[in-house]
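Coordinate inspection notes
Chain by chain, the residues:
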Amino acid sequence: MTASTAEDWVRRFHPAPAAPHRLLCLPHAGGSASYFFPVSRSLSPGIEVLAVQYPGRQDRRAEPLIDSIEVLADRVTEAIDGWTDRPLAIFGHSMGATLGFEVARRLEKRGVVPAALFASGRRAPSTHRDERFHEGSDAELLANVRSLAGTEQALLGDDEIVKMVLPAIRADYRAAETYRYPEGPDLSCPVFAMVGDDDPKATVEEAGGWAQHTSGPFELKVFPGGHFYLNEHTPAILDTISAHLQATSSRI
């Protein structure tokens with residue numbers, strides 16, 4: 001992958017060349033790298049945030065969409081090849097958590113063990129639900145998106161914006177809903193699952209299933225709220241991430 005192509009995938013809003021850790025952030029279905037701008041601002045300069053921009057949205061809107069977790073994981077892993085010279089942790093929300101798991105798998109296969117995987121708002125990879133919202137009408141798909149009460153609610157009231165973002169939302173939903181856990185080596189890095197106690201997409205029990213996918217330490221943290229619980233608990237989540245990465249540094 002060329003440097004220019006890698007730059008298309010990775011956004012570094014607040015470069016922090018002296019940071020001891022990097023945090024790779026993977027958006028939810030329909031999300032974009034800009035969702036993590038406040039996270040980057042808050043964690044810099046102690047942790048350098050790399051936010052992934054999927055094809056088919058914002059400045060990459062003209063590029064073909066990718067509707068496969070496996071293909072996305074391959075591309076993201078290639079794109080971050082030059083960013084693993086320092087300890088790299090991964091944070092993914094919803095679809096991004098599943099993608100983060102597959103990226104972490106690929107990194108470990110290359111001999112790069114992530115500092116941690118923070119899996120937010122997503123059931124364990126091997127826990128399957130037969131969801132097919134990506135096959136529904138535009139109205140049905142949008143109704144499901146709106147029911148999750150994410151940050152894009154105001155934007156989804158604008159018909160022109162809906163026309164622009166709906167293809168990316170559908171492709172992401174297809175990627176998430178058609179993903180099937182492939183048997184094979186799981187992770188050795190620490191996994192920290194985080195979930196809202198009223199999340200319709202992931203129960204506390206389903207989030208606890210992440211423990212089965214690492215031989216390393218596991219922790220489950222439950223917050224009040226629904227699928228986008230993290231919008232109300234950002235400071236606590238960032239404190240959790242920072243504390244775990246600082247503890248990692250102290251053990252090195």
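My aim in this report is to walk through the structure given alongside it, one point at a time. Just so it is clear, the model here is predicted, and its values are computed rather than measured. (Residues numbered from 1 in each chain as written. Predicted model: local features only at pLDDT ≥ 70, side-chain atom pairs only at ≥ 80, totals over all residues. Heavy atoms only, no water.)

**A short note on unusual backbone geometry**
- That bond from S44 to P45 is cis: its omega, 5°, falls within 30 degrees of zero.
- Looking at the element boundaries, P45 is found in the loop between α2 (37–43) and β3 (47–52).
- Positive phi values are uncommon outside glycine, yet Q58 reaches one of about 45°.
- Along the chain, Q58 turns up in the loop between β3 and α3 (69–79).
- Given a relative accessible area of 45%, Q58 falls into the partly exposed group.
- We note that S94 has phi near 60°; this positive angle belongs to a residue other than glycine.
- If you trace the backbone, S94 turns up in the loop between β4 (88–93) and α4 (95–109). (Helix = DSSP H or I, 4+ residues; strand = E, 2+ residues; numbered from the N terminus. Buried < 20%, exposed > 50% of the residue type's maximum accessible area, 1.4 Å probe, protein only.)

**Let's talk about the packing of α3 against α4**
- With their axes 9 Å apart at the nearest point, α3 and α4 run at an angle of 55° to one another. Of the possible angle classes, the one that applies to α3 and α4 is oblique. Classified by chirality, the crossing of α4 by α3 is right-handed. Along its contact with α3, which presents I69, E70, L72, A73, D74, V76 and T77, the element α4 presents M95, T98, L99, E102, V103, R106 and L107.
- Its residues assigned to classes, the contact of α3 with α4 comprises 8 nonpolar, 2 polar and 4 charged. (Axes fitted to C-alpha atoms, helices over the stretch in contact; angles between N-to-C directions. Parallel < 35°, antiparallel > 145°, perpendicular 65-115°, else oblique. Left-handed = near helix turned anticlockwise from the far one by under 90°. Contact = heavy atoms within 4.5 Å. Nonpolar A, V, L, I, M, F, W, Y, C, P; charged D, E, K, R; others polar.)

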